[in-house]
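Residue-level structural notes
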Amino acid sequence: MEGIGFVCSSAATTARTATATKRMPTAAGMKAEAAPRKTVLVTGVSRGLGRALSLELARRGHAVIGCARSPDKVQALQHELMGVSPDASSSSSSSASPPSKHLIIDLDVRSDSGVQALAKLLMETKRFPDIIVNNAGTINKNNKIWEVPAEEFDMVMDTNVKGISNIIRHFLPLMIQRKHGTIVNMSSGWGRSAAAEVAPYCASKWAVEGLTKSVAKELPPGLAIVALSPGVVNTDMLASCFGSSASLYQTPETW
């Protein structure tokens, strides 16, 4: 998943999108007109690329909705996002602090009912995501496939594949209803190649690539879905495969 793979280019698995025919803005136009702020849902935000991406999005003024399985890290990130947001200084000077535009919750994407509850909450509070980044993922310990315990194999597939499917199941209908939205499924170079001792992980990322391509063919105009290979990034998951040599690669923050 995050930060693992040998192909650094983004996947070009794109659906029909309403913006495909729009002209790209000129440099002068970009300076004169600030980019519109988005609401972005990111899964797996407690560490690695998910955490770094959430903080960078907040710094740029976007609203972040995030989830992870670590309650302590979820609470810490919520406070950190409030501190790095561009409007943090103005809100801190007022006597009454407005509610945060960011929402980070304790949620395991393997839980279909949990994802459904999140979708319901966001619909009721009108926090519709413009972009979804399916980042949550895990990897097996280096091992021959016949030595990988069934529970470990299930954990990889349930998180990396079923987790994405759960998000799509409950959030894509909301995007279709609004005729707007982009979904980014984090893949890997190992979703387009293979390596020994990480067969469960490779299988899950090949599944992500296939799932993304199939869903792209089902989307109506105005929506898009892509599989993104982030390249090789020094995350905990990379360290589990590469050991100390993981430190030779870029950090999530640099990425």
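- Labelled according to an unreviewed UniProt entry, the chain appears under the name NADPH-dependent pterin aldehyde reductase, originating from Musa acuminata subsp. malaccensis.
- Database annotation for the chain, UniProt heading Sequence similarities (unreviewed entry): "Belongs to the short-chain dehydrogenases/reductases (SDR) family."

Considerations on the pairing of strand E5 (residues 181-186)
- Judged by how many residues are buried, E5 sits mostly within the fold: 5 of 6 residues are covered.
- Following the chain from strand E4 (residues 131-134) across helix H6 (residues 150-178) to the adjacent parallel E5, one finds a crossover that is right-handed.
- Since E5 and strand E6 (residues 223-228) lie parallel, the crossover through helix H7 (residues 199-216) that links them has a hand, and here it is right-handed.

What to know about the environment of Lys141
- Topologically, Lys141 is positioned in the loop between E4 and H6.
- The exposure class assigned to Lys141 is exposed, which follows from its relative accessible area of 63%.
- On a C-alpha basis, the gap between Lys141 and Phe153 in space is 9.9 Å, while along the polypeptide they are 12 residues apart.
- Setting aside its immediate chain neighbours within four residues, Lys141 contacts Glu152 and Glu197.

Description of the packing of helix H5 (residues 112-124) against H6
- One way to put it is that H5 packs onto H6 with a least axis distance of 8 Å and a crossing angle of 25 degrees. One finds that H5 runs roughly parallel with respect to H6. Here the hand of the crossing between H5 and H6 comes out right-handed. Counting all contacts with H5, which are made through Asp112, Val115, Gln116, Leu118, Ala119, Leu122 and Met123, the residues of H6 involved are Asn166, Ile167, Arg169, His170, Phe171 and Leu174.
- Its residues placed into classes, the contact of H5 with H6 shows 8 nonpolar, 3 polar and 2 charged.

Things to note about the environment of Ala199
- Along the chain, Ala199 falls in helix H7.
- Through-space distance from the C-alpha of Ala199 to that of Asn140 is 8.4 Å; in sequence the pair is 59 residues apart.

Points about the nonpolar core
- Ile132, Ile168, Phe171, Leu172, Ile183 and Ile225 are the most contacted members of the largest nonpolar core, which totals 26 residues.
- Elements that contribute at least two residues to this core include exactly strand E2 (63-68), H5, H6, H7 and E6.
- The biggest single contributor to this core is H6, with 7 residues.
- Formed by 18 residues, the second largest nonpolar core is a distinct cluster that contains Val40, Val45, Val74 and Leu228.

Examining the pattern of salt bridges
- Using the criterion set out here, one finds 8 salt bridges in the structure.
- Arg60 is the salt-bridge partner of Glu56, the closest N and O atoms lying 2.9 Å from each other.
- Here the salt bridges do not stand alone but share partners, grouping Glu56, Arg59 and Arg60 into one network.

So, the side chain of Asp130
- With respect to the element layout, Asp130 can be found in the loop between H5 and E4.
- Setting aside its immediate chain neighbours within four residues, Asp130 contacts Lys38, Thr39, Met175, Arg178, His180, Gly181 and Thr182.

A word on the side chain of Gln78
- By the secondary structure assignment, Gln78 is in helix H3 (residues 71-84).
- Classification of Gln78 by relative accessible area gives buried; the value is 15%.
- If sequence neighbours within four positions are ignored, Gln78 has contacts with Ser100, His102, Leu103 and Ile104.

Some thoughts on the pairing of strand E1 (residues 39-43)
- Of all 5 residues making up E1, 5 are buried, and the element is well covered by its neighbours.
- The side-chain alternation of E1 yields two buried faces, one formed by Thr39, Leu41 and Thr43 and the other by Val40 and Val42.
- Summarising the sheet, E1 and E2 pair through 5 bridges and their orientation is parallel. Paired with Val40 across the strands is Val64, a residue of E2.
- A crossover connection joins E1 to the parallel E2 through helix H2 (residues 48-59); in handedness this β-α-β unit is right-handed.
- In the sheet, E1 pairs with E4 via 3 bridges, with the strands oriented parallel. Each bridged residue has a counterpart across the sheet, and for Val42 the counterpart in E4 is Val133.

Scoring rules and cut-offs
Residues numbered from 1 in each chain as written. Predicted model: local features only at pLDDT ≥ 70, side-chain atom pairs only at ≥ 80, totals over all residues. Heavy atoms only, no water. UniProt positions renumbered as here; feature names shortened; annotations may be inferred. Buried < 20%, exposed > 50% of the residue type's maximum accessible area, 1.4 Å probe, protein only. Helix = DSSP H or I, 4+ residues; strand = E, 2+ residues; numbered from the N terminus. Right-handed = clockwise from strand over helix to strand, strands pointing away. Contact = heavy atoms within 4.5 Å. Axes fitted to C-alpha atoms, helices over the stretch in contact; angles between N-to-C directions. Parallel < 35°, antiparallel > 145°, perpendicular 65-115°, else oblique. Left-handed = near helix turned anticlockwise from the far one by under 90°. Nonpolar A, V, L, I, M, F, W, Y, C, P; charged D, E, K, R; others polar. Core = buried A, V, L, I, M, F, W, Y, C linked by side-chain atoms within 4.5 Å. Salt bridge = Lys/Arg side-chain N within 4 Å of Asp/Glu carboxyl O. Pairing = 2+ DSSP bridges.

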